[in-house]
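These are the residues of each chain, in order.
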Amino acid sequence: MDRQGIALVLSAPSGTGKTTLVGMLREEFPQLCYSISCTTRAPRQGEVDGKDYHFLSREKFLRLKDERYFAEWAEVHGNFYGTPLAPVREMLEQGRDVLFDIDVQGARQVKQNLPEAFFVFILPPGFEELRRRLHARGLDSEEVIQRRLANAGKEMKEAVWYDALVVNDRLEDAYARLRAAYQTATLAPRCRRQMLRALLEDFA
Ligand code: 5GP
């Protein structure tokens, strides 16, 4: 097989619109697999165990972490999140592209362990707009919103080492950029090592 799967890693501060953008990408590219994370947070309304997340107790999560079950893991907003390694490895080996929706701490670990992954950071257009969106979605108290805004500033400092930045100003424009980032990943030499190797062997 000349094609290894592409690991497409997406990070964004909360309220940036990442979930909507991920949904649009998965709808347009149904062959794009989704890495289903484990988390210790409670399911939100409408979330399905085994589809959105694997919802685990803290005990179970920590046991799996000790057993090196996760490709990366992090504590985000007081809960644990982790990416199961085996299914991701299997999908990539089968040549399937895999989408990771993980925070900056997890993305750093993936960068170390899987340097051929492609990293996309979704940014809000500005502080005021992010604050407005967090209020408008009506999920969080003022205190939680302040914490999310403070975290957003910290997380965005990491954006500099990502491969692509997608500012979510207008949803359609942001989606066009995300789509372009995915297509850029399919052209990046480090994501196409196997193809290049096979071609070079052909010329040897
Ligand atoms: P939420 O609880 O809103 O679904 O996600 C909160 C944050 O955790 C988001 O930034 C999301 O990207 C991140 N996250 C979700 N799954 C994982 C994971 O497996 N690993 C890491 N490191 N972060 C994750």
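One can find the structure itself at the top, above this paragraph.
These lines cover the structure that appears in this document, whether it is placed above or below. (Residues numbered from 1 in each chain as written. Predicted model: local features only at pLDDT ≥ 70, side-chain atom pairs only at ≥ 80, totals over all residues. Heavy atoms only, no water.)

1. A few points about the site of the ligand
In the vicinity of the ligand lie 15 residues, with Ser37, Arg41, Tyr53, Tyr81 and Asp101 positioned nearest. Between the ligand and Tyr53, the relevant distance is 2.5 Å, taken from an oxygen atom to a side-chain nitrogen or oxygen of the residue. When isolated, the ligand has an accessible area of 520 Å², and the protein chains bury 90% of it. Elements represented by at least two residues in the shell around the ligand include exactly β5 (70–76) and β6 (79–84). (Near = heavy atom within 4 Å. Polar contact = N/O pair within 3.5 Å; in protein donor to acceptor, adjacent residues only side chain to side chain. Areas by Shrake-Rupley, 256 points an atom, 1.4 Å probe, with all protein chains shown as cover. Helix = DSSP H or I, 4+ residues; strand = E, 2+ residues; numbered from the N terminus.)

2. Let's talk about the sheet that holds strand β9 (residues 164–167)
Spatial ordering of the open sheet is given by β2-β7-β1-β8-β9, a layout of 5 strands whose pairing is parallel. Bordering the open sheet on either side are β2 (33–34) and β9, each of which pairs with just one other strand. Here β2 runs beside strand β7 (residues 98–101); their pairing, made up of 2 bridges, is parallel. Counted as the bridge partner of Tyr34 is Leu99 from β7. Across the sheet, helix α7 (residues 171–185) is in contact with β1 (7–11), β8 (118–123) and β9; its angle to β9 comes to roughly 165 degrees. (Pairing = 2+ DSSP bridges. Contact = heavy atoms within 4.5 Å. Axes fitted to C-alpha atoms, helices over the stretch in contact; angles between N-to-C directions.)

3. Examining the sheet that holds β5
Taken together, 4 strands build an open sheet; the order of strands is β4-β3-β6-β5 and the sheet is mixed. With one partner strand each, in any of the chains shown, β4 (53–55) and β5 form the two edges of the open sheet. Ignoring which end each strand starts from, the neighbouring axes of this sheet average 25 degrees apart. As paired strands, β5 and β6 are joined by 6 bridges and run antiparallel to one another. Note on β6: the bridge partner recorded for Ala74 is Tyr81.

4. Some details on the side chain of Asn168
In this structure, Asn168 sits in the loop between β9 and α7. A polar atom in the side chain of Asn168 sits 2.7 Å from the backbone oxygen of Thr16. Discounting chain neighbours no more than four positions away, the residues touching Asn168 are Thr16, Gly17, Leu21, Ile122, Leu123, Pro125, Arg133 and Ala174.

5. Brief notes about the environment of Ala136
Structurally, Ala136 can be placed in helix α5 (residues 127–136). Judged by relative accessible area, Ala136 falls into the exposed class, the value being 58%. Along the backbone, Ala136 and Gly15 are 121 residues apart, and their C-alpha atoms lie at a distance of 9.7 Å. (Buried < 20%, exposed > 50% of the residue type's maximum accessible area, 1.4 Å probe, protein only.)

It is worth stressing that arrangement in space is one thing and function is another; only the former is reported here.
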